[in-house]
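Below, each chain spelled out in residue letters.
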Amino acid sequence: MTAARRVVAVFLGVLTLLALSICPAAGRGHDEESLQGLVTRWASEIGAPGMAARIVDSDGARSAAFVGVDGDGHDIDGSTPFVWGSVSKQFAAATARGLEREGVLDATSPVVEVVPQARRVLSDPAVTVDDLVHHTSGLPHDITVTDEWTRRGSATDAVTALDAPKGAGPRGEFRYSSLNYLLLQAVIEQAAGSSYADAVRRVVLDPAGSDAITDPQLFVDSVPRGHVPFFGSTRPVDVGVDSAGLGYGYLAGSIDDAMRRGDCGNVTAAKPGIARCRRLRVRPTVTACSTRGSMATMSGGMRVRCPATTPTSL
């Protein structure tokens, strides 16, 4: 993939999923009509030809709203497939927690003990699995080694082929990087003794009665094109898949499946120890899938801030 194509993949966000913490303006009412109005306005403000949104709280999914069309011109509904973007990281963190619960993974173990090939990537061999989950490994966010749409091998294979990235920082300081979750996917593959797709399905998706597109050919066949800005308007654009990036951005599926995560409705990755899964109990969350947007999403360690008027995501 060329550098220009990576920029399109990462920053223009074809068929991406944005996770937005519900804001005061949205918090005044959670009924179908109020959500529909917000979604219609959000789609208009960002120029998205289509969007799907669902409110989820401790009792599960509460309401949904849909507007517009996908990149193939079909009306969007609860079954429309979207790329989940960095919300995929929540599923990776939940899978790691499940493997820890099974006793096959220790969050405090150095990554190099589980994936020896990671020694050439990490500047500090003491970096733990927990550091990957919480983005405290010191790895930079390097798009030259992520979002490779021709990659069909495992994350373990990808790590084997990587060299130390430039600009690595000290361990312990929060620094968001998809490289953390590329390595975490490799850790999960090694700890589970299976493909990442099989592990996330067994540990997270199946127990929650959910599903996700993990097969690259099914991804190509099923996920509609997205939209990108084009001279003041938008145009459809194909979206690719990185098989070594399922853990950081390339799970795909409907908004209904993305929100059907059982006890892992939200992964809290800002506390010591492996990410804890908990149900949302205070403020409902609006998750919106847009056919245009960035891949910036709420995931392990990130916080979404809402200004007084307009909802945004980091």
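Described below are features of the structure shown in this document.

About the criteria used
Residues numbered from 1 in each chain as written. Predicted model: local features only at pLDDT ≥ 70, side-chain atom pairs only at ≥ 80, totals over all residues. Heavy atoms only, no water. Helix = DSSP H or I, 4+ residues; strand = E, 2+ residues; numbered from the N terminus. Areas by Shrake-Rupley, 256 points an atom, 1.4 Å probe, with all protein chains shown as cover. Phe/Tyr/Trp six-rings, centres within 6.5 Å; stacked < 30°, edge-to-face > 60°. Buried < 20%, exposed > 50% of the residue type's maximum accessible area, 1.4 Å probe, protein only. Axes fitted to C-alpha atoms, helices over the stretch in contact; angles between N-to-C directions. Left-handed = near helix turned anticlockwise from the far one by under 90°. Contact = heavy atoms within 4.5 Å. Nonpolar A, V, L, I, M, F, W, Y, C, P; charged D, E, K, R; others polar. Polar contact = N/O pair within 3.5 Å; in protein donor to acceptor, adjacent residues only side chain to side chain. Salt bridge = Lys/Arg side-chain N within 4 Å of Asp/Glu carboxyl O. Arc of directions from axis to C-beta. Core = buried A, V, L, I, M, F, W, Y, C linked by side-chain atoms within 4.5 Å. Expected span 1.5 Å × (residues − 1).

**Some thoughts on the overall build of the chain**
Reasoning step 1: Scanning the chain for helices and strands turns up eleven helices and ten strands.
Reasoning step 2: With an accessible surface of roughly 12,800 Å², the chain has 52% of that area assigned to carbon and sulfur atoms.

**Concerning the packing of aromatic side chains**
Aromatic ring pairs are defined here through the distance separating the ring centres and the angle between the ring planes.
Reasoning step 1: As enumerated under the stated definition, the model contains two aromatic pairs in all.
Reasoning step 2: Relative to Y250, the ring of Y248 has its centre 6.1 Å away and its plane inclined at 80 degrees; by these criteria the two rings are edge-to-face.

**Re unusual backbone geometry**
Reasoning step 1: Its identity as a non-glycine residue notwithstanding, H135 has a phi of 60 degrees, on the positive side.
Reasoning step 2: Tracing the backbone through its elements, the reader meets H135 in the loop between α6 (129–134) and α7 (155–161).
Reasoning step 3: Here D147, not a glycine, exhibits a phi torsion of approximately 55 degrees, which is positive.
Reasoning step 4: If you trace the backbone, D147 turns up in the loop between α6 and α7.
Reasoning step 5: Classification of D147 as buried rests on a relative accessible area of 6%.

**Comments concerning the packing of helix α4 (residues 88–102) against helix α8 (residues 178–192)**
Reasoning step 1: α8 packs onto α4 with a crossing angle of 35 degrees between their chain directions and a minimal axis gap of 10 Å. Helix-helix and strand crossings are classified by hand; for α4 and α8 the assignment is left-handed. In this structure, α4 contributes K89, A92, A93, T95, A96 and L99 to the contact, and α8 contributes S178, Y181, L184, I188, A191 and A192.
Reasoning step 2: Among the residues forming the contact of α4 with α8, the class breakdown is nine nonpolar, two polar and one charged.

**Side note on the side chain of R151**
Reasoning step 1: Mapped onto the elements, R151 comes out in the loop between α6 and α7.
Reasoning step 2: Taking the relative accessible area as the measure of exposure, R151 reaches 16% and is therefore buried.
Reasoning step 3: A polar atom in the side chain of R151 sits 3.2 Å from the backbone oxygen of V145.
Reasoning step 4: Other than its neighbours up to four places away in sequence, R151 contacts V145, T146, A158, L182, V241, D242, S243, A244 and Y248.

**With respect to the pattern of salt bridges**
Reasoning step 1: Tallying each qualifying case throughout the model produces eight salt bridges.
Reasoning step 2: R41 is the partner of E45 in a salt bridge, and the nearest nitrogen-oxygen pair spans 3.0 Å. Residue E45 and its partner R41 are located together in helix α3 (residues 32–46), separated by four residues, close to a single helical turn.
Reasoning step 3: Since its relative accessible area comes to 47%, E45 is described here as partly exposed.
Reasoning step 4: What makes R41 partly exposed here is its relative accessible area of 30%.

**Some details on helix α9 (residues 196–205)**
In an α-helix, one turn spans 3.6 residues, which is why side chains three or four residues apart end up on the same side.
Reasoning step 1: Of all ten residues in α9, seven are buried; the element is thus mostly enclosed.
Reasoning step 2: For α9, the full list of buried residues reads Y196, A197, A199, V200, V203, V204 and L205. One face of α9 carries all of its buried residues, which in axial projection span an arc of 160 degrees.

**Topic: the side chain of D242**
Reasoning step 1: Of note, D242 is situated in the loop between β6 (233–237) and β7 (252–253).
Reasoning step 2: Of the residues examined, D242 reaches a relative accessible area of 0% and is grouped as buried.
Reasoning step 3: A polar contact of 3.5 Å, which involves the side chain of D242, links it to the backbone nitrogen of D147.
Reasoning step 4: Polar side-chain contacts of D242 include one of 2.6 Å to the side chain of R151.
Reasoning step 5: With residues near it in sequence (within four places) discarded, D242 still touches T146, D147, E148, R151, Y248 and Y250.

**Some thoughts on the nonpolar core**
Reasoning step 1: Of all hydrophobic cores here, the largest spans 58 residues; its most connected members are L183 and L184.
Reasoning step 2: Mapped by element, the contributors of at least two residues to this core are α4, α5 (111–114), α6, α7, α8, α9 and α11 (255–259).
Reasoning step 3: Among residues more than four places away in sequence, those in contact with L183 are V111, A118, V121, L122, L132, L139 and V159.
Reasoning step 4: Counting residues in each nonpolar core, the second largest holds ten residues, with L38, M51, A53 and A65 among its members.

**Let's talk about the environment of P170**
Reasoning step 1: For P170, the position within the fold is in the loop between α7 and α8.
Reasoning step 2: Relative accessible area serves as the criterion here: at 56%, P170 is assigned to the exposed category.
Reasoning step 3: Considering only alpha carbons, one finds P170 and L139, 31 residues apart in sequence, at a separation of 8.4 Å.

**Notes on α4**
Reasoning step 1: Taking 1.5 Å per residue as the helical rise, α4 with its 15 residues ought to reach 21 Å, and the 21 Å between its terminal C-alpha atoms agrees with that figure.
Reasoning step 2: Within α4, eleven of the 15 residues are buried, leaving the element largely enclosed by the surrounding structure.
Reasoning step 3: Positive phi appears at G103, one or two residues downstream of α4, with a value of about 85 degrees.

Nothing here speaks to function; it is all geometry.
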